[in-house]
Amino acid sequence: MELPAIDICKLEKAYDGIIAIDELSLSIPQGSILGLIGPNGAGKSTLLQTLMGILLPDRGDAFILGKSILDSGPDIRQQVGYVPDFPIMYPRFKVEEMFALAQRLYINWDENKCRGLCNYFKIPASKRVRTLSRGMKVRTALVLALSIRPRVLILDEPTAGLDPVARRAFLKAMIDEAAEGGTTVLYSSHNLNDLEQTADHIAVINQGKLLLTCSIDELKNSIHKSQVVFAADNPAEKVINFLPGLIEVSKQGKIYTFTASGDQQAFREALADLNPTIIEPVNLSLEDVFITYMKKEGYSYDYAI
Amino acid sequence: MHLNIDPRSSTPVYQQIVDAVKNAVARGLYNPGDKIPTVREMASELTINPNTIAKAYQKLEQEGVIVTMRSRGTFIAERKTAPESKEVKTLLKPSLDRLRVEAFHLGIEPEELKILLLETLEEWEKERRDI
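All of the points below concern the structure found in this document. (Residues numbered from 1 in each chain as written. Chains lettered and ligands numbered in written order. Predicted model: local features only at pLDDT ≥ 70, side-chain atom pairs only at ≥ 80, totals over all residues. Heavy atoms only, no water.)

1. With respect to the overall build of chain A
Stated formally: By definition, any uninterrupted DSSP run of H or I lasting at least four residues is a helix, any uninterrupted run of E lasting at least two residues is a strand, and each is numbered from the N terminus. For every residue, the accessible area (1.4 Å probe, protein chains only) is compared with the maximum for its type, and the residue is labelled buried under 20%, exposed over 50%, or partly exposed between those bounds. Here, two residues are considered to be in contact whenever any of their heavy atoms come within 4.5 Å of each other.
When you go through chain A residue by residue, the secondary structure sums to 11 helices and 14 strands. The C-alpha extent of chain A, read off along each of the three principal axes, is 75 × 45 × 40 Å. The buried share of chain A, taken over its 305 residues, is 48%. In chain A, 70% of the contacts between residues at least 6 apart in sequence involve partners at least 24 apart.

Put into structure tokens, the structure is as follows:
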């Protein structure tokens, strides 16, 4: 079997006794685009920073392209492009000076690609870094990360702070990179619509723990939702609670909305016994699925005004 | 090739691509021998994960809708002329059964359904001729 691009083994990290990453294991095959999702403070950024060697893990290990992050030298940095949530660059440098510096540091630096991407992302080369907006800094950091011809890209909420046009351009650049170079991408995002179309796999983390990892199709198939109207009498609550995999029921007028996990066929069959007149499946976006999962984990906001 | 893909639908994205390509071919927008975009081009154009596109192409190839010729690209395949009875059974029969059930509940009599079906097929033929 091909070596995974990123292999995380029982990684642990705590800040002042507060656990940020809790025995997390995750393997990402080469050429895959994995979306990392989780609520604020789940440990996403800590995980990515630990992978980049910016933070040291307390226990456990992780391997990028077969090399341990504990003793990864400069050669691994040559192959990993990283865009942090707040890109750090020398504020007094001009953008073109940043690129000139990077060109000398990275052996695989692709000057043509860098120029092309600067055009594409409309990067003002002669401006000083400190005068750039957050969005422009993110674009600049991405150009840097892509121009080193990376085999692995690690992006921390890259689309936050980008306008819709730039966001689209950014996703396109990422897709092209994965499609052409077979680059493995690990990126965290709160924009689940983006993830839904660009990622092939998803990892959900909460409170430093990996809740689940699977393909997007699997995740979306794991939860289903339907609107149901019953013939004459509404079934008793007891009976409804016996529906297989039921997570949530809501009722508005005569219409019940059921959210359930697991086998959709079995659910339908059990439901058919309750004499429904209308069963209508409801499309669930990744966002809906995520919110349902988080609710199951006890993370939700219920407005009481 | 423009395909309408809705990532938020509960139909998996790869299946939507399969359906869209099959639809475009059936309507005569693409003919046997026409070249279609490569996986990379399609991924870039639609901003959709390349592995998802590859999965869709694999399925289309299995179903005989497209053929990939090494180093030359991917093309729309020649149309099948002799349908395999097994495939008719697994792919077409369930849809026909569903149609029958829906028609029954709409109060459509079998004779009316036949006429509707014929009309639909004629419309389809006309559309193909007009392209």
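2. A few points about the interface of chain B and chain A
The test is simple: Defined in terms of a 1.4 Å probe, buried area is the accessible area two parts forfeit on being brought together, summed over both. Put simply, a salt bridge is a Lys or Arg side-chain nitrogen that is within 4 Å of an Asp or Glu carboxyl oxygen. Any N or O atom pair separated by 3.5 Å or less is treated as a polar contact, with the protein-specific requirement of one donor-capable and one acceptor-capable atom, and with residues adjacent in sequence counted only for side-chain atom pairs.
Between chain B and chain A, the contact holds 18 residues from the first and 22 residues from the second. Contact between chain B and chain A buries roughly 1,700 Å² in total, counting both sides, with carbon and sulfur atoms accounting for 44%. Where chain B packs against chain A, one counts 1 salt bridge. One salt bridge in this structure joins A:Asp217 and B:Lys55, with 3.5 Å as the shortest N-O distance. In this structure, the connection of chain B to chain A is made through 10 residue pairs in polar contact (both at pLDDT 80 or more). Among the secondary structure elements, those contributing two or more residues to the side of chain B that touches chain A are helix H1 (13-26), helix H2 (39-46) and helix H3 (50-62) of chain B. Top contributing element to the side of chain B that touches chain A by residue count: H2(B), with 5 residues.

3. Comments concerning the nonpolar core
Residues and elements named next belong to chain A. Defined as follows: Here the nonpolar core consists of buried residues drawn from Ala, Val, Leu, Ile, Met, Phe, Trp, Tyr and Cys, with membership extended through side-chain atoms lying within 4.5 Å. Domains are outlined according to an automatic or database domain assignment.
Counting 77 residues, the largest nonpolar core has Phe121 and Leu155 as the members making the most contacts within it. Each of domain 1 (6-207) and domain 2 (219-296) gives at least three residues to this core. If near-sequence neighbours (up to four positions away) are discounted, leucine 155 is found in contact with Leu48, Val83, Leu142, Phe170, Met174, Val185, Leu186, Tyr187 and Ser188. In this structure, Ile8, Leu36, Leu51 and Ile205 belong to the second largest nonpolar core, which totals 27 residues.

4. Here we look at empty space enclosed by the protein
Our working definition: A 1.4 Å probe that fits into a set of points on a 1 Å grid over the protein atoms alone but cannot get out defines a cavity; an open set with protein on both sides within 12 Å along at least five of seven lines defines a pocket, and lining residues are those with an atom within 4 Å of a point. Grid points are joined across faces, edges and corners, and a volume is the space filled by probe spheres set on the points. Each residue gets one label: Ala, Val, Leu, Ile, Met, Phe, Trp, Tyr, Cys and Pro are nonpolar, Asp, Glu, Lys and Arg are charged, and the others, such as Gly, are polar.
Under the criterion given, the structure shown has 2 cavities of 30 Å³ or more. Forming the walls of the largest cavity are A:Leu51, A:Met52, A:Gly53, A:Ile64, A:Lys67, A:Ser68, A:Ile69, A:Ser72, A:Ile76, A:Arg77 and A:Val80. Contributing elements (two or more residues each) for the lining of the largest cavity: strand E5 (67-68) and helix H2 (74-77) of chain A. Taken together, the residues of the lining of the largest cavity sort by class into 6 nonpolar, 3 polar and 2 charged. Computed from the structure, the second largest cavity encloses a volume of approximately 30 Å³. A:Ile216, A:Asp217, A:Lys220, B:Pro7, B:Ser9, B:Thr11, B:Pro12, B:Val13 and B:Gln16 are the residues that line the second largest cavity. Counting only elements with at least two residues in the lining of the second largest cavity, the list comes to helix H8 (216-222) of chain A together with H1 of chain B. The biggest single contributor to the lining of the second largest cavity is H8(A), with 3 residues.

5. Thoughts on the packing of helix H3 (residues 95-105) of chain A against helix H5 (residues 134-147) of chain A
Residue and element names in this part refer to chain A. Which entries qualify depends on this criterion: Here an axis means a line fitted to C-alpha atoms, over the contact stretch when the element is a helix, while the angle between two N-to-C directions is reported on a 0 to 180 degree scale. Between 65 and 115 degrees an angle is taken as roughly perpendicular, under 35 as roughly parallel, over 145 as roughly antiparallel, and anywhere else as oblique. Handedness of each helix crossing follows the sense of rotation of the near helix against the far helix: counterclockwise by less than a right angle gives left-handed, clockwise gives right-handed.
Packing of H3 against H5 brings their axes to within 11 Å, and their N-to-C directions diverge by 20°. Relative to H5, the element H3 is oriented roughly parallel. Pair H3 / H5 crosses with right-handed handedness. Between H3 and H5, the residues in contact are Val95, Met98, Phe99 and Ala102 and Thr140, Val143 and Leu144, respectively.

6. A closer look at the environment of A:Ile202
All names here are of chain A. You can see isoleucine 202 is positioned in strand E9 (residues 201-206). Through-space distance from the C-alpha of isoleucine 202 to that of glutamate 218 is 9.7 Å; in sequence the pair is 16 residues apart. Beyond its immediate sequence surroundings of up to four residues, isoleucine 202 is in contact with Gly35, Ile37, Leu195, Leu212, Thr213, Cys214, Ile216, Leu219 and Leu286.

7. Observations concerning the side chain of A:Asn206
If you trace the backbone, A:Asn206 turns up in strand E9. Not counting the four nearest positions on each side in its chain, A:Asn206 is found in contact with A:Pro39, A:Ala42, A:Leu211, A:Met294 and A:Glu297.

8. Comments concerning the sheet that holds strand E2 (residues 18-28) of chain A
Residue and element names in this part refer to chain A. Cut-off, in case you're wondering: In this description, strands pair whenever DSSP reports at least two bridges between them.
Taken in spatial order, the 4 strands of this open sheet run E2-E1-E4-E5, and their pairing is antiparallel. Across the chains shown, the open sheet's two edge strands, defined by having one partner strand only, are E2 and E5. On the sheet, helix H1 (residues 44-51) packs against strand E1 (6-15), E2 and strand E4 (59-64) and is oriented at approximately 115° with respect to E1.

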